[in-house]
Amino acid sequence: GAYLPIDTGYPQERIQYMLADSNARILLETEETQKKIIVNCQLLIVNCKLLNGRPCRWLHHSSFINHHSNQLSYIIYTSGTTGGPKGVAVEHKGLVNYITWRLKSYDYGVSDVTLQLLSCSFDGFGSNFYSSLLSGGILVLTPEARKMDFDFIGETVAREGVTNISLTPGLYEALLQGVSAKHLVSLRFVVLAGEKADPGLIALGREKNPRLRHIIEYGPTEATVTAAARM
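Residues numbered from 1 in each chain as written. Predicted model: local features only at pLDDT ≥ 70, side-chain atom pairs only at ≥ 80, totals over all residues. Heavy atoms only, no water.

Trainee: Break down the nonpolar core for me, citing the residues and quoting the values.
Mentor: With 22 residues, the main nonpolar core has L115, I165, Y172, L187, V190 and L192 as its most contacted residues. Listing elements by their share of this core, those giving two or more residues are β5 (113-116), α6 (150-160), β7 (164-167), α7 (169-178), β8 (189-192) and α8 (199-208). If we ignore the near neighbours within four places in the chain, the residues touching L192 are L167, T168, P169, Y172, A197, L201, I202, I215, I216 and E217. Ranked by size, the runner-up nonpolar core spans nine residues in total, among them I76, V90, I99 and Y130. (Core = buried A, V, L, I, M, F, W, Y, C linked by side-chain atoms within 4.5 Å. Buried < 20%, exposed > 50% of the residue type's maximum accessible area, 1.4 Å probe, protein only. Helix = DSSP H or I, 4+ residues; strand = E, 2+ residues; numbered from the N terminus. Contact = heavy atoms within 4.5 Å.)

Written as structure tokens, this is what we have:
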């Protein structure tokens, strides 16, 4: 089964369009999202709180058993060249190929701790999510309200012993300027994507942590997150 991540911070019109356009069949929601999403398409609505760890009968449907590499893994909606939401369907083979390359190229291991700062509706979320879990490492999730709190982020990196992080150059610059070098000692590598990274930013990062490795990833969503990387 394919999933469609939806940022509840999106305008209601965009959320409704994504649900209808994707032909979503099941909607997992919380008490908070009930007030934000008005369903006007045919969906089976499941309240996450009511599940309480119990298995669901619809997860054991026969259509989920015989899966193939060319079947869908997830759908991500981008702004599109016209400014309207455009759904990009990503197959399992593309995701497996990308994550396999990432695990090998970045030497992911069970001792790695990944800090997740990206929105679930951004394809880069999967970079951290799958790389961390499939390497046997640890994934640290950040409360939505604290993702721009760089004092909190710096303290989290130091406290949890975070070894890697992925973010835009703009956010990385704000992080470097907002925390002291002692908070970044545990970092092994930083992945920058989404916009151009200035050489001065890389120099500032190395000034804070001389051993820090900087990696630039680029790629449209259609290419399964990353099509090229510079290390």
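Having seen the structure, we can now continue with the description.
Trainee: Explain the layout of surface pockets residue by residue, including any values.
Mentor: Considered as a void within the structure, the second largest pocket measures approximately 340 Å³ in volume. What lines the second largest pocket is a set of 22 residues, among which F122, A193, G194, E217 and G219 lie closest to the centre. Of all elements in the fold, only α5 (124-134), β7, β8 and β9 (213-218) reach the threshold of two or more residues within the lining of the second largest pocket. Per-element tally for the lining of the second largest pocket: the top contributor is β9, with three residues. Along the lines of polarity and charge, the residues of the lining of the second largest pocket split into 10 nonpolar, eight polar and four charged. (1 Å grid on protein atoms, 1.4 Å probe; cavity = no way out; pocket = protein on both sides within 12 Å on 5 of 7 lines; lining within 4 Å. Points joined across faces, edges and corners; volume = space filled by probe spheres on them. Nonpolar A, V, L, I, M, F, W, Y, C, P; charged D, E, K, R; others polar.)

Trainee: Outline the sheet that holds strand β6 (residues 138-141), listing residues and values.
Mentor: What the six strands build is an open sheet, ordered β6-β5-β7-β8-β9-β10; its pairing is mixed. Looking along the sheet, the strands with just one partner apiece sit at the ends: β6 and β10 (228-230). In this sheet, adjacent strand axes meet at a mean angle of 20 degrees when their direction is disregarded. The pairing of β5 with β6 spans four bridges and is classified as parallel. Along β6, the bridge assignment pairs L115 with V140. Packed onto the sheet, α5 meets β5, β6, β7 and β9 and runs at close to 155 degrees relative to β5. (Pairing = 2+ DSSP bridges. Axes fitted to C-alpha atoms, helices over the stretch in contact; angles between N-to-C directions.)

Trainee: Can you explain the environment of K147? Please cite residues and give values.
Mentor: Structurally, K147 can be placed in the loop between β6 and α6. Look at K147 and you get buried, because its relative accessible area is 14%. Separated by 24 residues in the primary sequence, K147 and L171 have C-alpha atoms spaced 9.8 Å apart. Setting aside residues no more than four positions away along its own chain, K147 makes contact with L117, L118, S119, T142 and I153.

Trainee: Residues and numbers for the pattern of salt bridges, please.
Mentor: Here the structure, examined in full by the defined rule, presents seven salt bridges. Here E217 and R102 are joined by a salt bridge, their closest N and O atoms 3.1 Å apart. Of this pair, E217 sits in strand β9 while R102 sits in helix α4 (residues 92-105), and the two are 115 residues apart along the sequence. Here D112 makes a salt bridge to R188, at a shortest N to O gap of 3.0 Å. Highlighted residues: D112 in the loop between α4 and β5 and R188 in the loop between α7 and β8, separated in sequence by 76 residues. Residue D112 is classed as buried on the basis of its relative accessible area, which comes to 4%. (Salt bridge = Lys/Arg side-chain N within 4 Å of Asp/Glu carboxyl O.)

Trainee: I'd like a rundown of the side chain of N164, residues and numbers included.
Mentor: The topology assignment puts N164 in strand β7. Residue class for N164 comes out buried when judged on its relative accessible area of 0%. Here the side chain of N164 touches T114 through a polar contact of 3.0 Å, side chain to side chain. Once you skip the residues sitting within four places of it in the chain, N164 turns out to touch Y108, D112, V113, T114, L115, L187 and F189. (Polar contact = N/O pair within 3.5 Å; in protein donor to acceptor, adjacent residues only side chain to side chain.)

Trainee: Can you tell me about the packing of α6 against α7, naming the residues and giving the values?
Mentor: How two helices sit against one another is set out by the angle between their axes and by the gap between those axes. Packing of α6 against α7 leaves a shortest axis separation of 9 Å and a crossing angle of 80 degrees. Between α6 and α7, the angle falls in the class roughly perpendicular. In this structure, α6 contributes F150, D151, I153 and G154 to the contact, and α7 contributes L171, A174, L175 and G178. Its residues placed into classes, the contact of α6 with α7 shows five nonpolar, two polar and one charged. (Parallel < 35°, antiparallel > 145°, perpendicular 65-115°, else oblique.)

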